[in-house]
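Architecture and fold: a report
Chain by chain, the residues run as shown.
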There are 4 protein chains.
Amino acid sequence: MAHRKFHGVFPYLVSPIDERGRVKDAVLARLVDDLIGAGVHGLTPLGSTGEFAYLDRQQRRGIVEVVVQAARRRVPVVAGVAATTIADAVRQAQEYAALGVDGILAILEAYFPLPEDGVVAYFTAVANAIALPVVLYTNPQFQRSDLTLPAIERLARTDNIRYLKDASSDTGRLLSILNAVGDRIRVFSASAHIPACVMLIGGVGWMAGPACVVPRQSVRLYDLCRAGEWQEAMRLQRGLWRINRVFAKYNLAACIKGGLELQGYEVGAPLAPQMPLSDAGRAEVKAVLAELGALPAAR
Amino acid sequence: MAHRKFHGVFPYLVSPIDERGRVKDAVLARLVDDLIGAGVHGLTPLGSTGEFAYLDRQQRRGIVEVVVQAARRRVPVVAGVAATTIADAVRQAQEYAALGVDGILAILEAYFPLPEDGVVAYFTAVANAIALPVVLYTNPQFQRSDLTLPAIERLARTDNIRYLKDASSDTGRLLSILNAVGDRIRVFSASAHIPACVMLIGGVGWMAGPACVVPRQSVRLYDLCRAGEWQEAMRLQRGLWRINRVFAKYNLAACIKGGLELQGYEVGAPLAPQMPLSDAGRAEVKAVLAELGALPAAR
Amino acid sequence: MAHRKFHGVFPYLVSPIDERGRVKDAVLARLVDDLIGAGVHGLTPLGSTGEFAYLDRQQRRGIVEVVVQAARRRVPVVAGVAATTIADAVRQAQEYAALGVDGILAILEAYFPLPEDGVVAYFTAVANAIALPVVLYTNPQFQRSDLTLPAIERLARTDNIRYLKDASSDTGRLLSILNAVGDRIRVFSASAHIPACVMLIGGVGWMAGPACVVPRQSVRLYDLCRAGEWQEAMRLQRGLWRINRVFAKYNLAACIKGGLELQGYEVGAPLAPQMPLSDAGRAEVKAVLAELGALPAAR
Amino acid sequence: MAHRKFHGVFPYLVSPIDERGRVKDAVLARLVDDLIGAGVHGLTPLGSTGEFAYLDRQQRRGIVEVVVQAARRRVPVVAGVAATTIADAVRQAQEYAALGVDGILAILEAYFPLPEDGVVAYFTAVANAIALPVVLYTNPQFQRSDLTLPAIERLARTDNIRYLKDASSDTGRLLSILNAVGDRIRVFSASAHIPACVMLIGGVGWMAGPACVVPRQSVRLYDLCRAGEWQEAMRLQRGLWRINRVFAKYNLAACIKGGLELQGYEVGAPLAPQMPLSDAGRAEVKAVLAELGALPAAR
């Protein structure tokens, strides 16, 4: 399979939805354009930050359409597919492939616990349904079924399963994965890891919500890591880490949407019954963005 | 609000779906008819056993339609509504109300943790959207947000929130709820509690998957409890408890579907990637059903 | 083995320790005498409520000595043995046997997870070291290793392992245990279960901290359950349940000690860094004791 | 307070105990001597690997005595103090200080959950009882009470609380701690973190069981990190990580003791009911030690 290799900073895009349930196309398109202008290496709609778990089929499709069109193939778009059944996941993956995405971030939702054979069957079916590279997503915090190392080893044998994005906070787990399947699977960090550490151990970038609000700083951090400028990278990383931790304190979607509102993007609140960012949360997000030089001058 | 008071044995119906994703109407209708013939007091489609988390909008609607039509108003039908957003939950509740259900079992799905205000907003919105009694559903094992006692006290003030079904295994929690809101909220047991104990402390019945395969024995147990024949009730309960525990060992939907297949209902397997009941599981289910006299003579 | 069969209400005694670390003999002896006067069927020093985990070897021995002497063989004394090593557990069991206890409550402490063979080895070694009946203790909340049903079945084959006290809140687990080994192992409830429910399913009593402060009411509840007066039992149980739930909100030892102080027993505070009962907790304990008629008239 | 600053590789020493419960002085002294010869920067008796939770008072004292004497002040000895009560912890700390240790690793054991004030009181009392630097120990996996960031900030104000060793696997937590109190508290890694990552973000070394069996390789890794030779460090780290992961699969004490036995140190098995390393575990440990060049030639 020939494809541009995914690497670098992939912001998890928020999903701006208006009060009548419609995708706010213009604001999402402007955000996409600005992020590309800031140098990000790819875009990931329908991740956790993108509230995939709160959107219906039509809203999800709408988000992907807007992002693909606004990106104009300048950077790869890797869309999240999340389902409890194989049938639904395959349908989503094929639908987004037809819309022109460059890769699929495959997320397994589960209600009852699922044995490893079922987990492997799910991800394999998604990969077999499309001719695009697949990023395995694992998040022990929010998911009921997790990808074990043996499951990952089995999945690595499928040709177009090429990447993994791990949303645990256990960085050692990533090194174990790299030790086991590092020749076949490339690893992206998430916002619960320290990106500089994941780069040090052999990661190829990160997919994370905070990159929506600090894209330039994120790209700079990536460049420093790639150049082996570790001391300078850590200086920047220390400041950026504050934003990850503020965002971990609150509802993630509320935080990123709140931060983008402060930057002038009218992305609205997360879908109810999720609550908008509290006043205290808003003040804290504002303070950390100001500190990082990520607020417009007039504000 | 005038309504037949819900009480007694409400089997959680399975959702028979064929390989092309269509509801198997005939087998579901026959199951409904047989359960009513066996004396059950109500029917609950789209509970956990009914794989609500694995069905799409059309399948869910189909299941409710078949059950309402097959029940022919002989017993109340209380359909499960499960969503992550208020908008989706309200839409489902109104759709099922229009189809003729007698009550709603309200289930909150969540991806990000939700503060109590959000939990209360969700259930209140569902109740306000319909003119039917609402059963609150709480299941700390499978759900990411649980109903705390303070949240239940707040919800009990809404007129048509009249029942609660608790799927924890903490029976003391039910007594605390009854102590606090027992004058306004009636409590149903789930299969993780001992039904006889829940009846003893003031419960009004149980909503549970196993009642699909042992309806007569379940109704007999209920009658004994209502009559205060506790020693006799416990003799029966001890045997029935084995079935609950076998079912707790395996995927619940796979077990109930497997048991019904043994009884001659071609309900099929749970939706993939859930796995069908294993051979060992099937043997164990068969043994316990035989012991309880719940297998057809010829088998 | 001939022994008085254990049954009924066994208060978990607190461990009154003065500021210099010495056992407050007089207050403990008076409490023992009063509890026996109130009709309790046995006494259990060095349970969770007795802060076994906070006492050194000499303090533990002192507590057992005082209780055995004050009980004057009027009711059986079942002392807690808790250790991480077999060597220490055997030593404790033999020491308390020599002091004249009537049974041992065997508690396994663990730091690293322990496989089932290790769990079985521990309890078997304790039982083999003494010629007294052993009560298995299991508490999934506070212990790192729990007794699985297969482990209990293996242990039930040892002659003097005759009882089990389960401190989970999963009452169904008790019925599973009774179904499996009910002919060899008798089951005591803990304060996280509803005692009336455990009696209904075949339990023989309860070992619990709250019985220290409401002994008469507890004995009355036991008598009603034994007589099959379930409705009356539940009326009493509903009130008593409030006390269990108040005590579950706070540090258990602090609560029982605080309640006893309100009743005129100068048992002091739990050992530091545990905190004494807060003012709010004290007010809540006082209110519930007053409601149950368990406070001295003058207060 | 003047003290040699702690930094570098501190092996968590095992506790060799013979079948009669006595410390095996000679083998422990030889291990200490060899580790110092291999270049380690300090020694930590009575950590998790040292089975502190399984040793009685006399055994703990014996271990510290042997280590202090064998070390002959060539490297600092930081002994573990672990207790549930302040009184016991203070006694231990003063006893080990009198024996000549250079610092205390302070571990809080808990049975009941402890509010933050109690946690702070415990560690403060230990620090105030001695004139030695204190290392805070936090291990969310095995401990019932964890050190929150606010608690650490409060404790950092105590003069001789100078270090923290974190045994979680959440490396980001360490960066948050360094961001908050990095000017007052130095941070050591544990075997669940990738040491090279902890060094990158500003750590000063690691305290870990595996360093007992691969001391030279550990010191080399530390030197590479200090020199900023990150690529070379990661090459070594990748191999060493395998040993951490093998050890995480089994009982930690059994693994390190088993590895040392393979290297010719007759340290024996962990205390019962802990199980000795299984044959499979032994083979796996042997393979990884061989791969790292950490087995004697003749074996």
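Cut-off values and rules
Residues numbered from 1 in each chain as written. Chains lettered and ligands numbered in written order. Predicted model: local features only at pLDDT ≥ 70, side-chain atom pairs only at ≥ 80, totals over all residues. Heavy atoms only, no water. Helix = DSSP H or I, 4+ residues; strand = E, 2+ residues; numbered from the N terminus. Rg over C-alpha atoms; globule rule 2.2 N^0.38 Å. Buried < 20%, exposed > 50% of the residue type's maximum accessible area, 1.4 Å probe, protein only. Contact = heavy atoms within 4.5 Å. Buried area = accessible area lost by both parts, 1.4 Å probe. Salt bridge = Lys/Arg side-chain N within 4 Å of Asp/Glu carboxyl O. Pairing = 2+ DSSP bridges. Axes fitted to C-alpha atoms, helices over the stretch in contact; angles between N-to-C directions. Least-squares fit on C-alpha atoms with pLDDT ≥ 70 in both. Polar contact = N/O pair within 3.5 Å; in protein donor to acceptor, adjacent residues only side chain to side chain. Nonpolar A, V, L, I, M, F, W, Y, C, P; charged D, E, K, R; others polar. Parallel < 35°, antiparallel > 145°, perpendicular 65-115°, else oblique. pLDDT = per-residue confidence, 0-100. Expected span 1.5 Å × (residues − 1). Phe/Tyr/Trp six-rings, centres within 6.5 Å; stacked < 30°, edge-to-face > 60°.

Some thoughts on the overall build of chain A
- Regarding its fold elements, chain A presents 11 helices and 7 strands.
- A globule of 299 residues ought to have a C-alpha radius of gyration of about 19 Å, and chain A, at 18 Å, matches this closely.
- Out of the 299 residues in chain A, the part that is buried amounts to 65%.
- Considering only contacts in chain A between residues 6 or more positions apart, those separated by 24 or more positions represent 72%.

Describing the interface of chain B and chain A
- In this complex, chain B contributes 30 residues to the contact, which on the side of chain A involves 30 residues.
- Taking both partners together, chain B and chain A bury about 2600 Å²; carbon and sulfur atoms supply 67% of that area.
- Remark: the boundary between chain B and chain A carries 0 salt bridges.
- Sorting the residues of the side of chain B that touches chain A by element identifies α4 (116-128) and α10 (252-262) of chain B as the ones contributing at least two each.

Remarks on the sheet that holds strand β5 (residues 161-166) of chain C
Residue and element names in this part refer to chain C.
- If you trace the 7 strands from one edge of the open sheet to the other, you get β1-β7-β6-β5-β4-β3-β2, paired in parallel fashion. The open sheet has two free edges, formed respectively by β1 (8-11) and β2 (78-83), since each of these has just one partner strand. In this sheet, adjacent strand axes meet at a mean angle of 25° when their direction is disregarded.
- Bridge count for β2 against strand β3 (residues 103-108) is 6 bridges, and the pairing is parallel. Of the residues in β3, the one forming a bridge with V78 is G103.

Quick word on the relation of the copies chain D and chain A
- Once turned by 180° and shifted 0.0 Å along the axis, chain D lies on chain A with an RMSD of 0.0 Å. Look at the turn and shift together and you get a two-fold axis relating the two.
- Comparing contact sets, 100% of the residues at the interface of chain D also lie at the interface in chain A, consistent with an isologous, same-surface contact.

Structural notes on the interface of chain D and chain A
- Counting residues at the interface gives 22 residues for chain D, matched by 22 residues for chain A.
- Carbon and sulfur atoms supply 60% of the area that chain D and chain A bury against each other, a total of about 2100 Å² over both sides.
- Contact with chain A buries area across many residues of chain D, yet L175, N179 and L200 of chain D alone supply 27% of it, more than any other trio.
- In this structure, the connection of chain D to chain A is made through 2 salt bridges.
- Counting the contacts that link chain D with chain A gives 10 residue pairs in polar contact (both at pLDDT 80 or more).
- Per-element accounting of the side of chain D that touches chain A gives the leading share, 8 residues, to helix α9 (residues 230-249) of chain D.
- Broken down by class, the residue content of the side of chain D that touches chain A amounts to 10 nonpolar, 7 polar and 5 charged.

Describing the packing of helix α9 (residues 230-249) of chain A against helix α6 (residues 171-181) of chain D
- Put simply, α9 of chain A and α6 of chain D touch, their axes get as near as 10 Å, and they point 105° apart. In terms of orientation, α9 of chain A and α6 of chain D fall into the roughly perpendicular class. Each of M234, Q237, R238, W241, R242 and R245 of chain A in α9 of chain A lies in contact with α6 of chain D, whose residues at this interface are G172, R173, L175, S176 and N179 of chain D.

Some remarks on the confidence of the model for chain A
- In this model, chain A carries a mean pLDDT of 94, and residues with pLDDT of at least 70 account for 96%.
- For this predicted complex, the interface score ipTM comes out at 0.95, while the overall pTM is 0.95.

Observations regarding helix α8 (residues 215-226) of chain C
Residues and elements named next belong to chain C.
- Under the 1.5 Å per step criterion, the end-to-end length of α8 is 16 Å for 12 residues, consistent within 8% with the ideal 16 Å.
- Inspection of α8 places P215, Q217, S218, V219, L221, Y222, L224 and C225 among the buried residues, and these make up the whole buried set.
- As for α8, its buried residues are in contact with β1, α1 (25-37), α7 (195-200), β7 (205-208) and α9 (230-249).
- G228, located one to two residues past α8, shows a positive phi value of around 75°.

Looking at the packing of aromatic side chains
- Under the counting rule described, the total for this entry stands at 36 aromatic pairs over all chains.
- On the basis of an interplanar angle of 70° and a centroid distance of 5.0 Å, the ring pair of Y111 of chain C and F52 of chain D is categorised as edge-to-face. Remark: F52 of chain D occurs in the loop between α1 (25-37) and α2 (57-71) and Y111 of chain C occurs in the loop between β3 and α4 (116-128); the pair is interchain, linking two chains. Residues Y111 of chain C and F52 of chain D agree in their burial class; the two are buried.
- Members of the aromatic cluster, each reached through a chain of ring pairs, are F6, F10, Y163 and F188 of chain A.

With respect to the side chain of H41 of chain D
All names here are of chain D.
- You can see H41 is positioned in the loop between α1 and α2.
- Separated by 2.8 Å, the side chain of H41 and the backbone nitrogen of V9 make a polar contact.
- In contact with H41, not counting residues within four places along its chain, are H7, G8, V9, F10, V75, P76, V219 and Y222.

Considerations on unusual backbone geometry
- Look at the link from A272 of chain B to P273 of chain B: it is a cis peptide, with omega at 10°.
- Among the secondary structure elements, P273 of chain B is positioned in the loop between α10 and α11 (279-291).
- In this structure, E51 of chain D takes a positive phi of about 55° despite not being glycine.
- Its place among the elements puts E51 of chain D in the loop between α1 and α2.
- The exposure class of E51 of chain D is buried, given its relative accessible area of 1%.

Here's the deal with the pattern of salt bridges
Residues and elements named next belong to chain C.
- Scanning all chains against the criterion turns up 70 salt bridges over all chains.
- Where D34 meets R30, a salt bridge forms, and the shortest distance between an N and an O atom there is 3.9 Å. In this pair, D34 and R30 both sit in helix α1, 4 residues apart, roughly one turn of the helix.
- Across the pair D88 and R91 runs a salt bridge, and its minimum N-O distance is 3.0 Å. Taken together, the positions of D88 and R91, both in helix α3 (residues 86-99) and 3 residues apart, correspond to about one turn of that helix.
- Residue classification places D88 among the partly exposed positions, given a relative accessible area of 27%.

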